[in-house]
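Residue strings, one per chain:
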Number of protein chains: 2
Amino acid sequence: MRRVSVIGSGNVGTHLALALNQSGLKIGQIWSRNRDHAVELAEKVGAFVVDELKSLEDADLILLTVKDDALVEVIRQLPPLKGLVAHTSGAVSLEVYQKSPFQGGVLYPLQTFSKSRELDFRQVPLCVEHEDKSQLPLLKEWATLLSDKVYEVDSAQRKVLHLAAVFACNFPNHLYQIAARLLENQGMDFDLIRPLITETAAKVQQASPQMVQTGPAIRGDLQTMNKHEEMLQNDSSLVTLYRLLSERIKNGE
Amino acid sequence: MRRVSVIGSGNVGTHLALALNQSGLKIGQIWSRNRDHAVELAEKVGAFVVDELKSLEDADLILLTVKDDALVEVIRQLPPLKGLVAHTSGAVSLEVYQKSPFQGGVLYPLQTFSKSRELDFRQVPLCVEHEDKSQLPLLKEWATLLSDKVYEVDSAQRKVLHLAAVFACNFPNHLYQIAARLLENQGMDFDLIRPLITETAAKVQQASPQMVQTGPAIRGDLQTMNKHEEMLQNDSSLVTLYRLLSERIKNGE
């Protein structure tokens, strides 16, 4: 039976370990900087916790799910393992393996994970890449065990993908937060606007965002835009944001 | 049997007429600046098209779904009708009825509509308000025939709601568009990022946006943010946008 080791037990490590386990794969060893988290995850998936990276044993797949800035140090401390090694970061290039004795790869799940939220992992796009092209088919095979959506993405593309994800996920979430605050200040509930958020995301699942843009900016409704800016005048950064986004929409950017 | 007239056959008028029709209500007359659109909609719901506003007959409910800047003129041209009159705009206050011989109200559906997209109208929040408080219960009754989510919202709140909707819908859609362009420029498909958009919107259906914010800005990952800004350097408005949103997220705004 094939065995996987998971390094890191944050949001990504947890979701990946659970998805691997659900696919009937054996998680052998788990390591985490925070031992309690490792124990918690290990119990869920029937794995062993290792206290030190040097105690890791050979495995078929070793997934490095630690934070970006911890990756170099983790890779430095890995013993000379047999097995396919891949990290899960969108932003870290293959150069991170340069000083290691092995060649490494990437298995980047393009999704926003929270430990408390279940997710259908088969719908999560997985982007794969490997320093050693001959190992790419094997890495792809692993990825297809987890998801129906596996893409070969090179390092240059992955960097852009990561940036695009910030625009498609992190920034919209902050705009939701702005909307929530505006409602709250007027004694209204965020529930009022939740269906709108769902529908806005649903609309672009078939169409391109440009085709379904609505609102005062795309209509060129200057009167409404001026009123909106007036309403925001107590928060200059919000006015700037409103103006910048409206200008871009109006100009078809 | 109670009868409704629908003035305007754009996205909102169309969706409202279809929803009324599905609720078993009779649409009597439809007027639209664009007669072809009126005919198209009238055929779908078995209504009659009127060529001039002055030909409108009494009805139980007269819904004004025309564009914001056309409302004043449409109200001016309305004959002295019997029936409950309400407009569907989020941005137009009750003052629009000031010079008319009747008192009017608002039935504002807080959703983004496209003619080509079906929608469960029972999940659309409807915000109601009326100049004549004694008519509000009747307007609410009409609203509950259409939707499970009816809210009393006064003019001041509605203005803020409309502004919040721009932040929760129009602006996120533009950010999706930016993400689509970034991918396209690197030969990647927007499909790669669609599941992320769905999940980002789904996450805030239970949680508050602030609780589920992810990404480099909230982590304070300066290295990644600097890299991202470098990647955007050919588009100064995108750099400004990236910096502005990241600053706000970092500062917990």
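Residues numbered from 1 in each chain as written. Chains lettered and ligands numbered in written order. Predicted model: local features only at pLDDT ≥ 70, side-chain atom pairs only at ≥ 80, totals over all residues. Heavy atoms only, no water.

**Description of the environment of D36 of chain A**
(1) Moving on: Tracing the chain through its elements places D36 of chain A in helix α2 (residues 35–45).
(2) Moving on: Measuring from C-alpha to C-alpha, the distance between D36 of chain A and V12 of chain A comes to 16 Å, with 24 residues separating the pair along the chain. (Helix = DSSP H or I, 4+ residues; strand = E, 2+ residues; numbered from the N terminus.)

**Thoughts on the nonpolar core**
(1) Moving on: By size, the foremost hydrophobic cluster in this structure holds 123 residues, and its most contacted members are F167 of chain A together with F167 of chain B.
(2) Moving on: What F167 of chain A contacts, discounting residues up to four positions off in sequence, is P172 of chain A together with L175, Y176, I178, A179, L182, L232, L238, L241 and Y242 of chain B. (Core = buried A, V, L, I, M, F, W, Y, C linked by side-chain atoms within 4.5 Å. Buried < 20%, exposed > 50% of the residue type's maximum accessible area, 1.4 Å probe, protein only. Contact = heavy atoms within 4.5 Å.)

**Digging into the relation of the copies chain B and chain A**
(1) Moving on: Between chain B and chain A, the superposition needs a rotation of 180° and an axial shift of 0.0 Å, giving an RMSD of 0.1 Å. Considering both components of the superposition, the chain copies are consistent with a two-fold axis. Among all residues of chain B, the one whose C-alpha sits closest to the rotation axis is P172 of chain B, at a distance of 2.5 Å. (Least-squares fit on C-alpha atoms with pLDDT ≥ 70 in both.)

**Details of the pairing of strand β6 (residues 104–109) of chain B**
Residue and element names in this part refer to chain B.
(1) Moving on: Burial analysis of β6 places six of its six residues in the buried class, the great majority of the element.
(2) Moving on: Because side chains alternate across β6, one face comprises the buried residues G104, V106 and Y108, and the other comprises G105, L107 and P109, equally buried.
(3) Moving on: Note that strand β5 (residues 84–87) and β6 share three bridges and pair parallel. Bridging across to β6, A86 finds its partner in G105.
(4) Moving on: In the sheet, β6 pairs with strand β7 (residues 126–130) via five bridges, with the strands oriented antiparallel. Within β7, the position partnered with V106 by the bridge is E129. (Pairing = 2+ DSSP bridges.)

**Some points on the sheet that holds β5 of chain B**
Hydrogen bonds between backbone atoms are what pair the strands of a sheet, whose relative direction is either parallel or antiparallel.
All names here are of chain B.
(1) Moving on: Strand order in the open sheet formed by eight strands is β3-β2-β1-β4-β5-β6-β7-β8, with mixed pairing between adjacent strands. Looking at strand neighbours, the two that pair on one side only are β3 (48–49) and β8 (150–152), the edges of this open sheet.
(2) Moving on: Sitting on the sheet, helix α2 (residues 35–45) touches β2 (26–31) and β3, and the angle it makes with β2 is about 170°.
(3) Moving on: In the packing of helix α3 (residues 68–77) onto the sheet, contacts are made with β1 (3–7), β2, β4 (61–64) and β5, and the angle to β4 comes to roughly 145°. (Axes fitted to C-alpha atoms, helices over the stretch in contact; angles between N-to-C directions.)

**A word on the interface of chain B and chain A**
(1) Moving on: Contact with chain B, which involves 89 residues of that partner, is made by 89 residues of chain A.
(2) Moving on: Here chain B meets chain A over a buried area of about 8600 Å², counting both sides, of which 65% is carbon and sulfur.
(3) Moving on: On inspection of chain B and its partner chain A, the count reaches four salt bridges.
(4) Moving on: R117 of chain B is the salt-bridge partner of E199 of chain A, the closest N and O atoms lying 2.7 Å from each other. (Buried area = accessible area lost by both parts, 1.4 Å probe. Salt bridge = Lys/Arg side-chain N within 4 Å of Asp/Glu carboxyl O.)

**Here's the deal with helix α8 (residues 222–231) of chain A**
(1) Moving on: Residues of α8 of chain A that are buried include every one of T224, M225, H228 and E229 of chain A, and no others. Burial along α8 of chain A is one-sided: seen end-on, the buried residues are contained in an arc of 135°. The outward face of α8 of chain A, more than 90 degrees from its buried face, is lined by the exposed residues L222, Q223 and E230 of chain A.
(2) Moving on: Close packing links the buried residues of α8 of chain A with α7 (216–219) and α9 (236–250) of chain A together with α3 and α5 (155–185) of chain B. (Arc of directions from axis to C-beta.)

**Details of the packing of helix α1 (residues 11–22) of chain B against α2 of chain B**
Between two packed helices, the angle of one axis relative to the other and the distance separating the axes together describe the packing.
All names here are of chain B.
(1) Moving on: α2 packs onto α1 with a crossing angle of 15° between their chain directions and a minimal axis gap of 10 Å. Judged by the angle between their axes, α1 and α2 are roughly parallel. For the crossing formed where α1 meets α2, the hand is right-handed. The segment α1 lies against α2, with G13, T14, A17, L18 and N21 engaging L41, K44 and V45.
(2) Moving on: Split by residue class, the contact of α1 with α2 holds four nonpolar, three polar and one charged. (Parallel < 35°, antiparallel > 145°, perpendicular 65-115°, else oblique. Left-handed = near helix turned anticlockwise from the far one by under 90°. Nonpolar A, V, L, I, M, F, W, Y, C, P; charged D, E, K, R; others polar.)

**With respect to the sheet that holds strand β6 (residues 105–109) of chain A**
Residues and elements named next belong to chain A.
(1) Moving on: Pairing in this open sheet of eight strands is mixed, and the strands run β3-β2-β1-β4-β5-β6-β7-β8 from one edge to the other. Looking at which strands have only one partner, the edges of the open sheet turn out to be β3 (48–49) and β8 (150–152).
(2) Moving on: As judged from the four bridges shared by strand β1 (residues 3–7) and strand β2 (residues 26–31), these two strands associate in the parallel manner. Bridging from a neighbouring strand, V4 pairs with I27 of β2.
(3) Moving on: Where helix α3 (residues 68–77) meets the sheet, it contacts β1, β2, β4 (61–64) and β5 (84–87), and its direction lies at approximately 145° from that of β4.
(4) Moving on: Strand contacts of helix α5 (residues 155–185): β5, β6, β7 (126–130) and β8, with the helix running at about 25° to β6, the strand carrying the most contacts.

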